[in-house]
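Take a look at the letters that make up each chain.
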Amino acid sequence: MPDPARLSVDWRQAVRRSARMILVLLGPPGAGKGTQGARIAVHYDIPTISTGALFRDAVQRGTKLGRTIQKYRIDKGEYVPDEVVVDAVKQRIAEPDCAAGFLVDGFPRTIPQADAFDSMLTEQELSVTGVLDFDAPINDIVGRFSGRRVCPVDGSTYHVTVQPPIVAGLCDICRTPLMIRPDDEDAVVRRRLEVYQEKTAPLREYYHGRGLLREVDASAEPETVFAQVITAIELLRAQSRERSKQQDSQDR
Ligand SMILES: [Zn+2]
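Rules used throughout
- Residues numbered from 1 in each chain as written.
- Predicted model: local features only at pLDDT ≥ 70, side-chain atom pairs only at ≥ 80, totals over all residues.
- Helix = DSSP H or I, 4+ residues; strand = E, 2+ residues; numbered from the N terminus.
- Contact = placed C-beta atoms within 7 Å.
- Pairing = 2+ DSSP bridges.
- Axes fitted to C-alpha atoms, helices over the stretch in contact; angles between N-to-C directions.
- Core = buried A, V, L, I, M, F, W, Y, C linked by C-beta atoms within 7 Å.
- Buried ≥ 20, exposed ≤ 12 C-beta atoms within 10 Å, placed from the backbone.
- Arc of directions from axis to C-beta.

**What about the overall build of the protein chain?**
The secondary structure content of the protein chain amounts to nine helices and seven strands. Principal-axis analysis of the C-alpha atoms gives the protein chain an extent of 80 × 40 × 30 Å. In the protein chain, 69% of the contacts between residues at least 6 apart in sequence involve partners at least 24 apart.

**Description of the sheet that holds strand β4 (residues 130–135)**
Within the open sheet, the five strands sit side by side as β2-β3-β1-β4-β7. Their pairing is parallel. Two strands in the sheet have a free side with no partner beyond their single neighbour: β2 (48–50) and β7 (213–217). Pairwise comparison of adjacent strand axes, ignoring direction, gives a mean angle of 25° for this sheet. Alignment of strand β1 (residues 21–26) against strand β3 (residues 101–105), held across five bridges, turns out to be parallel. The partner of Leu 25 across the bridge, within β3, is Asp 105.

**What about the nonpolar core?**
Core analysis: the biggest nonpolar cluster contains 43 residues, and Leu 23, Leu 25, Leu 103, Val 131, Leu 132 and Phe 134 have the highest contact counts within it. The element that contributes the greatest number of residues to this core is β1, accounting for six residues.

**Digging into the pairing of β3**
Among the five residues that make up β3, four are buried, leaving the element largely enclosed by the rest of the structure. For β2 and β3, the ladder comprises three bridges, and the chain directions are parallel. Looking at β3, one finds that Ile 49 is bridged to Val 104.

**Some remarks on helix α7 (residues 138–146)**
Three or more residues of α7 are buried, namely Ile 141, Val 142, Arg 144 and Phe 145. Buried residues of α7, seen end-on, are gathered within an arc of 160° and therefore sit on one face of the element. For α7, the exposed residues set more than 90 degrees away from the buried face come down to Asn 139 and Asp 140. On the buried face of α7, the contacting elements are β5 (148–150) and α8 (186–209).

**A look at the environment of Ile 180**
Along the polypeptide, Ile 180 turns up in the loop between β6 (157–159) and α8. Not counting the four nearest positions on each side in its chain, Ile 180 is found in contact with Arg 149 and Glu 185.

**Quick look at the environment of Tyr 207**
Here Tyr 207 is to be found in helix α8. Note on Tyr 207: 20 C-beta atoms within 10 Å, which makes it buried.

If you want it as structure tokens, here you go:
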């Protein structure tokens, strides 16, 4: 007969291990992933690790990573090689503020990155708790972008429905006629979204196959989306605890 005291110790270990919440956010630009990510971070008191922000910060502070990044001219749309990205994330998650868990946004972007992420977590007896896939109809996202307006003189930004200028079509500050940025044109946004879908499809498949992916309907109001997000995270945590317990009983 198993010793009940020992069982409960193992169970507590399993819970402790899976208590470190590691979340991955997937979703196209304009799906509200940034806003929701920030709210998740506050709600669970864990940092958001965005590779974009990580790189910008490294360049600004002129660190070794920053100097490496600068060679790749991300501003010109060039990609930073997987090993550089993976190394940057590995260093970042070793920092003390990640002790209770963290959220990654913009990483992993490719299957090799996802594999490398998995291995670095396994080395530390950790694993991805879950992946939230922010999904909104392409037309909704196109609409969000196509309503954006910018002043060509002072750069102030508006949105025809969400944040309209006082006088339609004119900048509040300098009264210059507002413009649509080339990046916000319907066709450009549509193309960008298609490219995103194509590129991340294998990644969604990768996490779906492990039972880690949960879709979030990002077309609703931010408050409704957040409620969905919390429900999804709690479910993923419960599943993760279950997996961890099973793993422990297999190890024994
Ligand atoms: Zn202006």
